Amino acid sequence: MQEELKKLGLKVNHHEANITFLKSEIYAIEESIADLTIKRGKKVVASSNGTSVQEAEQRTIESICNQDKTAASLICQLKKRHSAKISTMPMMKDILGVVATLGKTNDDNLSSLLSEYLGIDNMLGLVCKTYDGIKSLETYGTEGNIDKKSGIHGLGGSIGKLLHGRFTVFCLENIRPFSGEVVIDDPQRYLMLRKPRLPNGESPPGFLGFAVNMILMDQAYLSCLTPHGHGLRETLFYSLFSHLQVYKTTADLRRAIPFINDGAVSLDGGILRPNGSFCLGDRKDVEVKFTVALSSGDSNTPGSITEMEEQVKLKNWEKERLVEDIKREEDLLKQVKDSFSNQKQQLLDYITQSPAGKRVQGSPTIRSPATPGSNPFAATPGRNPFTSTPGSHPFATTPGGSPFAATTPGGHPIAATPGSHPIAATPGNISFAVKPPHMR
């Protein structure tokens, strides 16, 4: 019965391991389906304005140039009109670009939404590779005032463009990068973020993904890595969006609030900030936004909508098979657990009802090896083992005498009449004999 119990225990462990493995496979498939949905824009109403990516990029640059007296406008104008002149300047070599030009989206509505979330100051922020580049942008006098004749201020003055007010600058080597894993086999190096999960293991209704993974980058910027090997997604865009979630509707967003930690946006304009505040009211036109890199008319692009739908169907079919496998394993696990409980109870009943089990529960019976059933310490059955005469003092041989007195010749203090004391022996054969007085 013990061997059978061990076998059943191993079967329980086997089925539990199978269920854990199958659930991990389902989780991976759900992640893949969500990524396909996000990357190919299936649930996003794609823009159909018919413009090319190059035209969209030019529109983004023009919108930046229209932000007069800003550092971003100055940099874009210099690169557009004086590229040969500034190509040798160390300060310009360290400037990677403006935030709005470093990323793209596959939908115009999503572009406007994410740009509104970041705000105009972040969208117009300059991105430098090193801290030395930031120091070269602006220098100060002895009293801390800005030197308008050096750095980016002096460069603007040389072409008749003066800067006004503050501007934001990001330093890639100083940004704390994303500490998790990235999808190495994907050229976009998407971040492996843990998606929100309901108690049943599914994502909240309407959840589309994370904003940081909805930004697309050109190959030129994908190869831009920090000295520690981190790309723009792991540094710049993760610092801007963190775990910002994207939902289909505001209603979906509000239902998922318990699963939102770093803010969320919805495609119909809902915005929940990381500090818990909501942005309400009418949306306004965004002056500067990300370039739209993919439109619904791009049917010939790799990973088109049709191909994506086929992949999603295949993934869903695999998920259904795994769900059936889990149900079968759970049924087998229940059967084995029932058998294990029954076998365990049978073993316990046998132990408690068998003679061996009763001896374990009761007091032990010790029997003398010499005489079965006798007192192991008695010389004669029923007799006091420490007396020489029935009823007398256990250590005395003469009533009233010393308990250690003896009647044997030589007066041995322990020895008594042979056979009376359990330790005594015959005269001359005493193992504890004491030397006579004349020999002491």
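This text follows the structure it describes.
Remember, it's a predicted structure, so these values are computed and weren't measured experimentally.

1. Section: the overall build of the chain
Next, step 1: Assigned secondary structure in the chain consists of 15 helices and 10 strands.
Next, step 2: In the chain, buried positions account for 36% of the 440 residues.
Next, step 3: In the chain, the share of contacts with a sequence separation of at least 24, taken over all contacts with a separation of at least 6, comes to 66%.
Next, step 4: As displayed, the chain has an accessible area near 26,300 Å², and 54% of this comes from carbon and sulfur atoms.

2. Regarding helix H7 (residues 108-118)
Next, step 1: Within H7, 8 of the 11 residues are buried, which leaves the element mostly enclosed by the surrounding structure.
Next, step 2: Buried within H7 are the following residues: Leu110, Ser111, Ser112, Leu113, Leu114, Ser115, Tyr117 and Leu118.
Next, step 3: N-capping of H7 is provided by aspartate 107, with a side-chain oxygen placed 3.1 Å from the backbone N of asparagine 109.
Next, step 4: Positive phi shows up at glycine 119, right after H7, with a value of about 90°.

3. Looking at unusual backbone geometry
Next, step 1: Here arginine 189, not a glycine, exhibits a phi torsion of approximately 55°, which is positive.
Next, step 2: Tracing the backbone shows arginine 189 in the loop between strand E4 (169-171) and strand E5 (207-210).
Next, step 3: Judged by its relative accessible area of 21%, arginine 189 falls in the partly exposed class.
Next, step 4: Although it is not a glycine, serine 242 adopts a positive phi angle of roughly 50°.
Next, step 5: Position of serine 242 among the secondary structure elements: in the loop between helix H12 (233-241) and strand E6 (245-247).
Next, step 6: Its relative accessible area of 22% is what places serine 242 among the partly exposed residues.

Cut-offs applied
Along each chain, the written sequence defines residue order, and numbers are assigned to residues from 1. Restriction of local features to residues with pLDDT of at least 70 applies here, the model being predicted, together with a cutoff of 80 or more for giving and counting side-chain atom pairs; totals for whole chains, interfaces and linings are based on all residues. The side-chain values count all of the structure's non-hydrogen atoms but skip hydrogen atoms and water molecules. A run of H or I in DSSP counts as a helix once it spans at least four residues, and a run of E counts as a strand once it spans at least two, with each numbered from the N terminus. Throughout this description, buried means an accessible area under 20% of the type-specific maximum (1.4 Å probe, protein chains only), exposed means over 50%, and partly exposed covers the range between. Note on contacts: a residue pair qualifies if any of its non-hydrogen atoms lie within 4.5 Å across the two residues. Here the Shrake-Rupley method, with its probe set to 1.4 Å, supplies the accessible areas, and only the displayed protein chains count as covering residues. For the purposes of these results, a polar contact is taken to be a pair of N or O atoms within 3.5 Å, where, inside protein, one atom must be able to donate a hydrogen and its partner to accept one; residues adjacent in sequence count only when each atom of the pair is a side-chain atom.

Bear in mind that shape data such as this cannot, by itself, settle questions of function.
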